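Examination of the molecular architecture
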Amino acid sequence: MSSPEDRLVELGLELPALRRPAGHYRGWTSAGDVLYLSGQGADGHTGRVGADLTVAQGYAAARACTLNLLAQARDAVGSLDRVAQVLVLRGYVACTEDLTDQPAVIDGASDLLVEVFGERGEHARTAIGVQALPRGFAVELDAVLRVR
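Worth saying up front: this structure is predicted, and the values here are computed from it rather than measured.

Counting along an α-helix, one turn takes 3.6 residues, and residues three or four places apart therefore face a common direction. Relative to the 22 Å expected for 16 residues at 1.5 Å per residue, helix H3 (residues 102-117) spans 23 Å between its end C-alpha atoms, a close match to the ideal helical length. At Gly-108, H3 shows its strongest bend, of approximately 30°. Where the residues of H3 are buried, they touch helix H1 (4-10), helix H2 (55-77), strand S3 (83-94), strand S4 (124-130) and strand S5 (139-147).

On to the pairing of S3. Pairing between S3 and S5: 9 bridges, direction antiparallel. In the strand pairing of S5, Tyr-92 is matched with Glu-140. Bridge count for S3 against S4 is 7 bridges, and the pairing is parallel. Across the sheet, the residue bridging to Val-93 is Gly-129, located in S4. In terms of handedness, the path from S3 via H3 over to S4 forms a crossover that is right-handed.

Attention now moves to the UniProt feature "domain: Endoribonuclease L-PSP/chorismate mutase-like" (unreviewed entry) in the protein. Mapped onto the present numbering, the UniProt feature "domain: Endoribonuclease L-PSP/chorismate mutase-like" (unreviewed entry) falls at residues 5-128. A distance of 30 Å separates the end C-alpha atoms of residues 5-128, which is 36% helix and 23% strand.

What follows deals with the sheet that holds S5. With mixed pairing, 5 strands are arranged side by side in an open sheet as S1-S2-S5-S3-S4. Whereas interior strands pair on both sides, the edge strands pair on one side only; in this sheet they are strand S1 (28-31) and S4. Neighbouring strand axes in the sheet, compared pairwise and without regard to direction, differ in orientation by 15° on average. Of the pairings in the sheet, the one linking S1 to strand S2 (residues 34-40) comprises 4 bridges and is antiparallel in character. Looking at the pairing, Ala-31 lines up with Val-34 of S2. Docked against the sheet, H2 engages S1, S2, S3 and S5, running at close to 40° with respect to S5. With respect to the sheet, H3 is in contact with S3, S4 and S5, its orientation differing from that of S3 by roughly 160°.

Residue placement: Glu-5 occurs in helix H1. In this structure Glu-5 comes out as buried when scored by relative accessible area, which is 17%.

Bringing the packing of aromatic side chains into the picture now. According to the stated counting rule, one finds 0 aromatic pairs in the structure shown. The ring of Trp-28 is capped by Arg-26, whose NZ or CZ atom sits 4.7 Å from the centre of that ring.

In this fold, Val-88 is placed in strand S3. Taking the relative accessible area as the measure of exposure, Val-88 reaches 25% and is therefore partly exposed. Residues Val-88 and Arg-146, 58 residues apart in the sequence, show an inter-C-alpha distance of 9.7 Å. Non-local contacts of Val-88, meaning those with residues more than four positions away in its chain, are made with His-123, Ala-124, Asp-142, Ala-143 and Val-144.

Rules used in this analysis
- Residues numbered from 1 in each chain as written.
- Predicted model: local features only at pLDDT ≥ 70, side-chain atom pairs only at ≥ 80, totals over all residues.
- Heavy atoms only, no water.
- Helix = DSSP H or I, 4+ residues; strand = E, 2+ residues; numbered from the N terminus.
- Expected span 1.5 Å × (residues − 1).
- Bend = angle between axes of the 7 residues up to and from the residue.
- Contact = heavy atoms within 4.5 Å.
- Pairing = 2+ DSSP bridges.
- Right-handed = clockwise from strand over helix to strand, strands pointing away.
- UniProt positions renumbered as here; feature names shortened; annotations may be inferred.
- Axes fitted to C-alpha atoms, helices over the stretch in contact; angles between N-to-C directions.
- Buried < 20%, exposed > 50% of the residue type's maximum accessible area, 1.4 Å probe, protein only.
- Phe/Tyr/Trp six-rings, centres within 6.5 Å; stacked < 30°, edge-to-face > 60°.
- Lys NZ or Arg CZ within 6 Å of the ring centre and 35° of its normal.

Here's what the structure looks like:
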């Protein structure tokens with residue numbers, strides 16, 4: 001398999017500019033070989049899944065959030081080729097109280113991580129439905145990575 005940086009090009013994907021934090025925190029921190037990525041939403045993907053958005057639109061929002069996570073990771077370590085393993089992905093879906101397809105929405109992120117990193121993109125995961133997210137985002141993701 002190609003390197004993660006090469007895979008982005010092969011997939012026709014570009015990482016967005018870094019998002020400014022919505023509060024007093026950093027986009028990432030690290031401890032040893034563990035990189036913690038702060039929650040990321042995605043501009044243009046707002047509303048609640050099950051009311052304003054379909055599950056498929058939520059899936060697209062999760063993919064867009066993942067690109068923001070990857071931009072933070074690249075900022076932290078200089079190249080996605082330094083990511084040894086995606087350890088944990090946490091996904092939050094703004095949704096109606098009766099929606100139970102949060103895992104299908106967060107699959108948008110999980111699928112993209114595997115497309116970019118191959119087996120190194122396989123991870124433990126949580127998919128949680130919430131009433132609202134900052135800035136009206138439909139999805140927010142945070143992650144923990146092991147880097148070299």
